[in-house]
Amino acid sequence: MGKNKKTRWKTIGVLWAGLAVLLVMSVPAFGASPGMSGEAETEGTDESTYTAVDGNRISKEGLEDGIVEYEELGSLIHYGNLSIQEMTDSTERTRQEYQEIRDYLRTKRASASAEKKEAKEENDMESYGEYASLEAVYSSAAKSYNERIKKLDRYAANKNRLSMEKQLTSAAQSLMISWQSMKLQREYTEKTAEWYQAVYENTRTRQSAGLATERDVWAAYQDWKDMELSLSEIEASGDSIRQSLYLLLGADDTVSLADIPPVDTKRLSEMDLEADMQKAMGNNGDLIAERDTKSAGTSSVNKKLRTLDELEEQVRMKMEQLYEEVNQKKQAYDAAKTGLDGAELQWTNTQNQYRMGMLSNTEYLEKQLQYMQKKMTFDSADLALLQALENYHWAVEGA
């Protein structure tokens with residue numbers, strides 16, 4: 001314990017200077033892991049309970065089953081999108097650096113505490129005071145880093161990543177809705193091609209009986225092949241959309257896409273245009289940026305107020321437009337549902353007639369096509385309503 005007093009206090013002075021450098025040398029990166037409430041604990045964070053920007057909570061086990069579900073898109077963007085991963089990895093590196101420094105400071109604090117205790121036992125009050133000061137310095141610095149670690153999980157440190165996740169999730173939803181639409185078209189076109197093939201074969205049979213000409217056969221053949229060509233084009237478009245979605249999600253061809261569930265029409269009752277407008281204005285990036293702009297002088301302030309009024313009016317107009325679009329899609333949805341209900345009754349009758357031998361195969365396929373057309377119209381209206389609801393939702397969220 002016979003250290004020189006001047007040396008000790010010089011050591012403390014150097015320590016303070018070093019800690020000051022440590023406290024300012026690292027800047028939190030955007031894009032941390034879960035816990036955006038500002039109250040989240042950083043140690044032992046449970047990634048499986050992450051709440052995605054679409055509001056869904058999907059376990060990592062559920063995301064790794066090789067099937068992409070519509071409600072998983074937000075979580076898959078968070079975990080798999082390369083741009084989001086770069087932001088997340090940057091923050092996690094910062095977190096690790098902070099944790100290492102904090103743990104080092106805690107170790108030094110414990111050492112100073114032990115030295116302080118030893119000095120007290122030896123009744124060396126001068127050394128006791130010095131080590132008590134060191135302990136306080138280390139404790140304060142460790143606490144500061146612990147606060148920095150906690151801030152990495154708060155909204156302010158993650159708003160850029162969250163904004164990007166909203167935009168990418170919206171894009172992923174649109175792609176999956178487009179893929180589902182192409183799938184419906186493919187199924188209908190497949191059945192149409194089957195019907196044209198039956199017509200072609202029937203025309204050849206009729207030609208053999210002298211009831212059709214070579215020209216009739218050729219025309220039926222061309223119709224069949226044209227439909228098969230259309231089918232190939234639809235399949236190619238569907239594959240292109242699927243690959244774009246995989247790229248966005250950071251997925252590969254080993255995963256499959258599940259059908260999108262029917263739209264939840266209860267979401268319509270949750271829409272409140274006036275309240276949603278206010279939320280949209282609070283979340284709109286342009287409005288937020290303009291509000292944060294510093295203004296000096298009457299002219300500058302007045303210009304800022306005019307700009308804010310213009311931006312708010314733009315948000316109002318957009319929200320009114322999206323709200324009306326939802327209503328229009330709902331009307332089309334209701335009309336398509338009525339048409340499908342009637343078609344299902346007719347289809348039941350058709351199946352009974354076919355079983356009793358009252359319809360030929362060609363006639364049966366034609367009736368089936370008519371039913372499938374009504375079903376495709378309804379399913380397409382269902383997807384269109386879902387897309388309109390998502391557009392409205394993301395406008396409210398400021399995406």
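Remember, it's a predicted structure, so these values are computed and weren't measured experimentally. (Residues numbered from 1 in each chain as written. Predicted model: local features only at pLDDT ≥ 70, side-chain atom pairs only at ≥ 80, totals over all residues. Heavy atoms only, no water.)

Enquirer: I'd like to hear about the overall build of the chain, residue by residue, with values.
Expert: The secondary structure content of the chain amounts to 12 helices and two strands. The order of helices and strands in the chain, counted from the N terminus, is α-α-β-α-α-α-α-α-β-α-α-α-α-α. Pairs at least 24 apart in sequence give 78% of the contacts found in the chain among residues at least 6 apart. Carbon and sulfur atoms make up 49% of the accessible area of the chain, which amounts to about 22500 Å² in all. (Helix = DSSP H or I, 4+ residues; strand = E, 2+ residues; numbered from the N terminus. Contact = heavy atoms within 4.5 Å. Areas by Shrake-Rupley, 256 points an atom, 1.4 Å probe, with all protein chains shown as cover.)

Enquirer: Requested: an account of the pattern of salt bridges, with residues and values cited.
Expert: Side chains that differ in sign of charge can pair as their charged atoms come close. Scanning the model with the defined rule gives 17 salt bridges in all. One salt bridge in this structure joins Arg-95 and Glu-92, with 2.9 Å as the shortest N-O distance. One end of the pair is Arg-95 and the other is Glu-92, both in helix H4 (residues 82-121) and three residues apart, which spans about a single turn. Looking at Glu-92, the relative accessible area reads 26%, which means it is partly exposed. The salt bridge partner of Asp-334 is Lys-330, with a shortest N-O separation of 2.8 Å. A residue pair is termed a helical-turn pair when its members lie 3 or 4 positions apart in one helix, as Asp-334 and Lys-330 do in helix H11 (residues 298-355) at four residues. Residue Asp-334 is classed as partly exposed on the basis of its relative accessible area of 36%. By relative accessible area, Lys-330 is classed as partly exposed at 22%. A single network of salt bridges, built from pairs that share partners, joins Glu-92, Arg-95 and Asp-153. (Salt bridge = Lys/Arg side-chain N within 4 Å of Asp/Glu carboxyl O. Buried < 20%, exposed > 50% of the residue type's maximum accessible area, 1.4 Å probe, protein only.)

Enquirer: Explain helix H3 (residues 73-80) to me, and be specific about the residues and the numbers.
Expert: Within H3, seven of the eight residues are buried, leaving the element largely enclosed by the surrounding structure. Listing the buried residues of H3 in full gives Leu-73, Gly-74, Ser-75, Leu-76, Ile-77, His-78 and Tyr-79. Buried residues along H3 sit against helix H2 (60-63), strand E1 (67-68), H4, helix H6 (155-208) and helix H7 (214-249).

Enquirer: Can you lay out the packing of H6 against H7 for me, pointing to particular residues and giving the numbers?
Expert: Packing of H6 against H7 leaves a shortest axis separation of 8 Å and a crossing angle of 165 degrees. Judged on the interaxial angle alone, H7 and H6 are roughly antiparallel. In terms of crossing hand, the pair formed by H6 and H7 is left-handed. Residues belonging to the contact of H6 with H7 are distributed by class as follows: 22 nonpolar, 11 polar and nine charged. (Axes fitted to C-alpha atoms, helices over the stretch in contact; angles between N-to-C directions. Parallel < 35°, antiparallel > 145°, perpendicular 65-115°, else oblique. Left-handed = near helix turned anticlockwise from the far one by under 90°. Nonpolar A, V, L, I, M, F, W, Y, C, P; charged D, E, K, R; others polar.)

Enquirer: Outline the nonpolar core, supporting the account with residue identities and numerical values.
Expert: Across soluble globular proteins, nonpolar side chains have a tendency to be buried as a group. With 68 residues, the main nonpolar core has Val-68, Leu-73, Met-176, Leu-249, Met-319 and Tyr-392 as its most contacted residues. Secondary structure elements with two or more residues in this core: H3, H4, H6, H7, helix H9 (273-283), H11 and helix H12 (361-396). The contact partners of Val-68, leaving out residues within four places of it in the chain, are Leu-73, Leu-76, Met-176, Leu-249, Val-255, Ser-256, Leu-257 and Ala-258. With 12 residues, the next largest nonpolar core counts Ile-101, Tyr-131, Leu-134 and Leu-152 among its residues. (Core = buried A, V, L, I, M, F, W, Y, C linked by side-chain atoms within 4.5 Å.)

Enquirer: Residue-level account of unusual backbone geometry, with values.
Expert: A positive phi angle is found at Asn-123, which is not glycine, with a value near 60 degrees. One can find Asn-123 in the loop between H4 and helix H5 (125-151). Assessed through its relative accessible area of 60%, Asn-123 is described here as exposed.

Remember that the coordinates give geometry; whether it matters functionally is a separate question.
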